[in-house]
Amino acid sequence: MEYLSDRIRTMATSATMAMARKSRELKARGLDIISLSLGEPDFNTPAYIREAAKEAIDGNYSKYPPVSGYVDLRDAICKKFRDENGITYTRDQVVVSGGGKHSIINVILSIVNPGDEVIILAPYWVSYYDQILIAGGRPVILETTIENDFKVSLEQLESAITDKTRLVIFNSPSNPTGMVYSRGEQEAIARVIQRHEGVFLMSDEVYEHILFEGEHVSMASFDFIYDRVITVNAVSKAYAMTGWRIGYIGAPKWIADACDKLQGQFTSGVSSIAQRAALAALSGKDGSIQMMRDAFLRRRDLICNQLSGIRGLRVRVPQGAFYVLPDISYYLGKTDGTEIVRTADDLALWLLDRAGVATVGGDAFGAPGYIRISYANSDDLLTEAVRRIKEALEILK
Ligand code: PLP
């Protein structure tokens, strides 16, 4: 312990991973736990993608792949960016990494110096915060609440930008809120960035296909800031491929070159077989994206209806992703007669204990007073989970 680096000692364990681990342990002890803590589709990877991976194994894709990814995969990614997002990238602007998470830290390490400020919009995806710290950067958090649909105002953004700001991280559809910014709102944000030379925007679009209302707009499709945007995406959520670990960026060439350089020292090119599977995913279509999206939409409606029947909870219906972030502040300070629930994290642990339902407290997302519920689960289990949550919360006085 005493010889651990300061870097590791000061780093938080991913809250979502910690909750998932805890609920797995309880399940292994035979307890009946419904897990709504992890952010992954409950579907299997579509058959045509699995077949491509099997063919890749038999086709002897067993040698080191290029650091940035196979050329045909990067070309397929360029085509995807062009056809689906209206962005032109060439293959030397694309880097394939071990999941969106890896793509994001590559970018942060490539452009953030110690002491640089990185603006993140709360509630934010947990890893942004600690990844910025790993790079020695300073996270600057812009708060939002359920009242303003978890969206930042232009004034908030404008006044947070200083001469130390290097990067703004943007995520729509959002984890953990499920909120989606409109084209007009995004364009206005892009205009703010445009006005500040030396400020870059990382647009995390991993949930683009899980969208129920409105349109998905890529930040880099606004020509006037194309040179300052890094687009991050992954096959994880859209194709139910979280375990395959393939993410990618499209970026100005100098940033892609930096990520390639970094990756050349850290990981080399990522798994050859997973890359072949990702190529199949992006090149072929069998309707599974639509099928999964429709299932998530049905579950969103189901869970939001049921949650809104619980005393004291406030819910904003999300427009994308597969999370809902109810405001649970009504329950803070209440007690079951033995324990006092002081924070959202306390409530999440209490619900795990009392209701056998794993959620994640909002504290790690920069959202104290909220809990995150992932509804990537079956209709029956969602219904049962909400019934148990409701019953348990009635105890708190
Ligand atoms: N960005 C956001 C907003 C996410 O929610 C996640 C995963 O939970 C990622 C990035 C990382 O995705 P991946 O599993 O491809 O690393």
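Everything quoted here is computed from the prediction, not taken from an experiment.

**Comments concerning the sheet that holds strand β12 (residues 371–374)**
Judged by pairing direction, the sheet is antiparallel, and its 3 strands sit side by side in the order β9-β12-β11 without closing on themselves. The sheet is open, and its two edges are formed by β9 (323–324) and β11 (360–361), each paired on a single side. Bridge analysis of β11 against β12 gives 2 bridges, and the strand direction is antiparallel. Among the inter-strand pairings, Val-360 is bridged to a residue of β12, identified as Arg-372.

**Structural notes on the site of the ligand**
Around the ligand, 15 residues are found, and the nearest of them are Asn-175, Asp-204, Tyr-207, Ser-236 and Lys-237. Interatomic distance of 3.5 Å between a side-chain N/O atom of Trp-125 and an oxygen atom of the ligand. The separation between an oxygen atom of the ligand and a polar side-chain atom of Asn-175 is 2.7 Å. Against a free-state accessible area of 390 Å², the protein chains account for coverage of 92% of the ligand. Ranked by residues supplied to the shell around the ligand, first place goes to helix α5 (residues 100–111) with 3 residues. Partitioned by chemical class, the residues of the shell around the ligand number 6 nonpolar, 5 polar and 4 charged.

**Considering unusual backbone geometry**
Residue Ala-122 is joined to Pro-123 through a cis peptide bond whose omega torsion reads -10°. Relative to the helices and strands, Pro-123 resides in the loop between β3 (117–121) and α6 (126–134). The omega torsion of the bond from Ser-172 to Pro-173 falls at -10°, within 30 degrees of zero and hence cis. One can find Pro-173 in the loop between β5 (165–171) and α8 (183–195). For Phe-150, which is not a glycine, the phi torsion comes out positive at approximately 60°. Mapped onto the fold, Phe-150 is located in the loop between β4 (138–142) and α7 (154–160). With phi around 60°, Arg-245 is a residue other than glycine that occupies positive phi space. Residue placement: Arg-245 occurs in the loop between β7 (229–234) and β8 (247–250).

**Brief notes about helix α13 (residues 379–393)**
Along its 15 residues, α13 runs 21 Å from first to last C-alpha, staying within 8% of the 21 Å computed at 1.5 Å per residue. Buried within α13 we find Leu-382, Ala-385, Val-386, Arg-388, Ile-389, Ala-392 and Leu-393. Projected down its long axis, α13 carries its buried residues within an arc of 160°, all on one side. Contacts from the buried residues of α13 go to β1 (34–35), α11 (288–307), α12 (344–355), β10 (357–358) and β12.

**Describing the packing of helix α4 (residues 71–85) against helix α10 (residues 272–283)**
A pair of packed helices is characterised by two quantities: the angle between their axes and the separation of those axes. It is the contact of α4 with α10, at a shortest axis distance of 9 Å, that shows an interaxial angle of 30°. Comparing the axis directions of α4 and α10 gives the class roughly parallel. For the pair α4 and α10, the crossing hand works out as left-handed. Where α4 approaches α10, its residues Asp-72, Leu-73, Ala-76, Ile-77 and Lys-80 are matched on the opposing element by Gln-275, Arg-276, Ala-278, Leu-279, Leu-282 and Ser-283. Residue composition of the contact of α4 with α10, by class: 6 nonpolar, 2 polar and 3 charged.

Reading guide: rules and limits
- Residues numbered from 1 in each chain as written.
- Predicted model: local features only at pLDDT ≥ 70, side-chain atom pairs only at ≥ 80, totals over all residues.
- Heavy atoms only, no water.
- Pairing = 2+ DSSP bridges.
- Helix = DSSP H or I, 4+ residues; strand = E, 2+ residues; numbered from the N terminus.
- Near = heavy atom within 4 Å.
- Polar contact = N/O pair within 3.5 Å; in protein donor to acceptor, adjacent residues only side chain to side chain.
- Areas by Shrake-Rupley, 256 points an atom, 1.4 Å probe, with all protein chains shown as cover.
- Nonpolar A, V, L, I, M, F, W, Y, C, P; charged D, E, K, R; others polar.
- Expected span 1.5 Å × (residues − 1).
- Buried < 20%, exposed > 50% of the residue type's maximum accessible area, 1.4 Å probe, protein only.
- Arc of directions from axis to C-beta.
- Contact = heavy atoms within 4.5 Å.
- Axes fitted to C-alpha atoms, helices over the stretch in contact; angles between N-to-C directions.
- Parallel < 35°, antiparallel > 145°, perpendicular 65-115°, else oblique.
- Left-handed = near helix turned anticlockwise from the far one by under 90°.

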